[in-house]
Amino acid sequence: MPRRSSLLVPLALLIAALVASGCSGDDDGAAADATVARGAVLAETANLAIYDAFIPVPATDIGALYFEMVDTDGGGDRLLGVTTTVAVMTHFHSTVIDGDTSRMLPVAGGIVLPPDGATKLAPGGLHVMLMNLVTPLTAGDTVQVTLQFERAGAVTIEVPVLRYEDTGILGGSGAGS
């Protein structure tokens, strides 16, 4: 029979994901392997590429944005901000697991894209919170999002809104990771 504490962590993660419509990325912003398989590129500049963006259908007026950014010129970059007309404000967060508790912490100073590396914003780590959604988002919607980078400047992408089970989160089988 499983220990009670071993069941609490997955349950806490599921509850946090459903209430906040998910959280994302690597806990410490560490670079992901830049050679892993990816979906189609959503945007490309002289120094970076954006892949696999999605927003799970939010359960409340708070949503989450996930994507992967890859350095293509060896110079790195820093994501400074995100804007969209569907949310009053956006915040960078990281999900931290402390024992049996999962919590979100603000990320100050932007999200680093290391030279010759990749940074993945994915459930359970780094993510962009979409706060105070001005309209409900439903599966099949597309949201225009502008990412503001230190070197690359403004990069606009079209982000699909996906049903939770189609995102790859907690055993889903669709896009995302």
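Provided above is the structure to which this section pertains.
These lines cover the structure that appears in this document, whether it is placed above or below. Treat the numbers as computed from the prediction; the structure is a model and nothing was measured.

1. Quick notes on the nonpolar core
Ile50, Leu65, Phe67, Met69, Leu79, Leu147 and Ile157 are the most contacted members of the largest nonpolar core, which totals 29 residues. Of all the secondary-structure elements, those providing two or more residues to this core are β2 (48–56), β3 (63–71), β4 (77–84), β5 (87–98), β7 (111–113), β9 (126–133), β10 (142–149) and β11 (153–162). In contact with Ile50, not counting residues within four places along its chain, are Ala40, Val41, Leu42, Ala43, Phe67, Glu68, Met69, Leu147, Phe149, Val155 and Ile157. Of all hydrophobic cores here, the second largest spans six residues; its members include Ala64, Tyr66, Met129 and Leu162.

2. Regarding the pairing of strand β1 (residues 41–44)
Sheet analysis places β1 next to β2, joined by three bridges and oriented antiparallel. In the strand pairing of β2, Ala43 is matched with Ile50. In textbook terms, the turn of a hairpin is the stretch between consecutive antiparallel strands, and for β1 and β2 this stretch comprises three residues.

3. Here's the deal with the environment of Leu105
Structurally, Leu105 can be placed in strand β6 (residues 101–106). Of the residues examined, Leu105 reaches a relative accessible area of 32% and is grouped as partly exposed. Spatially, the C-alpha atoms of Leu105 and Phe92 are 8.5 Å apart, while their sequence positions differ by 13 residues. If near-sequence neighbours (up to four positions away) are discounted, Leu105 is found in contact with Phe92, His93, Ser94 and Val96.

4. Description of the pattern of salt bridges
Within this structure, the stated rule accounts for four salt bridges. Note that Arg151 is salt-bridged to Asp73, the shortest N-O span being 2.7 Å. Of the two residues, Arg151 is situated in the loop between β10 and β11 and Asp73 in the loop between β3 and β4; the sequence distance between them amounts to 78 residues. On the basis of relative accessibility, which here comes to 38%, the residue Asp73 falls in the partly exposed class.

5. Regarding the environment of Ala53
As for its placement among the helices and strands, Ala53 is situated in strand β2. On the basis of relative accessible area, Ala53 is assigned to the buried category, the value being 6%. Through-space distance from the C-alpha of Ala53 to that of Tyr66 is 5.4 Å; in sequence the pair is 13 residues apart. When near neighbours in sequence (up to four residues on either side) are disregarded, Ala53 contacts Leu42, Tyr66, Phe67, Ile157, Val159 and Pro160.

6. Digging into the side chain of His93
Within the element layout of this structure, His93 appears in strand β5. Residues in contact with His93, not counting those within four places in the same chain, are Met104, Leu105, Pro106, Val107, Gly125, Leu126, His127 and Met129.

7. Some remarks on the pairing of β11
Two faces make up the sheet, and in a regular strand the side chains alternate between them. Here β2 pairs with β11 via two bridges, running parallel. The partner of Pro56 across the bridge, within β11, is Leu162. Strand direction decides the pairing type here: β10 and β11, joined by eight bridges, are antiparallel. Bridge pairing links Val143 to Val159 in β11. In textbook terms, the turn of a hairpin is the stretch between consecutive antiparallel strands, and for β10 and β11 this stretch comprises three residues.

8. So, the environment of Ala87
With respect to the element layout, Ala87 can be found in strand β5. Overall, Ala87 belongs to the buried group, its relative accessible area being 9%. Considering only alpha carbons, one finds Ala87 and Ile62, 25 residues apart in sequence, at a separation of 8.4 Å. Beyond its immediate sequence surroundings of up to four residues, Ala87 is in contact with Leu130, Met131, Asn132, Leu133 and Val134.

The rules behind each value
- Residues numbered from 1 in each chain as written.
- Predicted model: local features only at pLDDT ≥ 70, side-chain atom pairs only at ≥ 80, totals over all residues.
- Heavy atoms only, no water.
- Core = buried A, V, L, I, M, F, W, Y, C linked by side-chain atoms within 4.5 Å.
- Buried < 20%, exposed > 50% of the residue type's maximum accessible area, 1.4 Å probe, protein only.
- Helix = DSSP H or I, 4+ residues; strand = E, 2+ residues; numbered from the N terminus.
- Contact = heavy atoms within 4.5 Å.
- Pairing = 2+ DSSP bridges.
- Salt bridge = Lys/Arg side-chain N within 4 Å of Asp/Glu carboxyl O.

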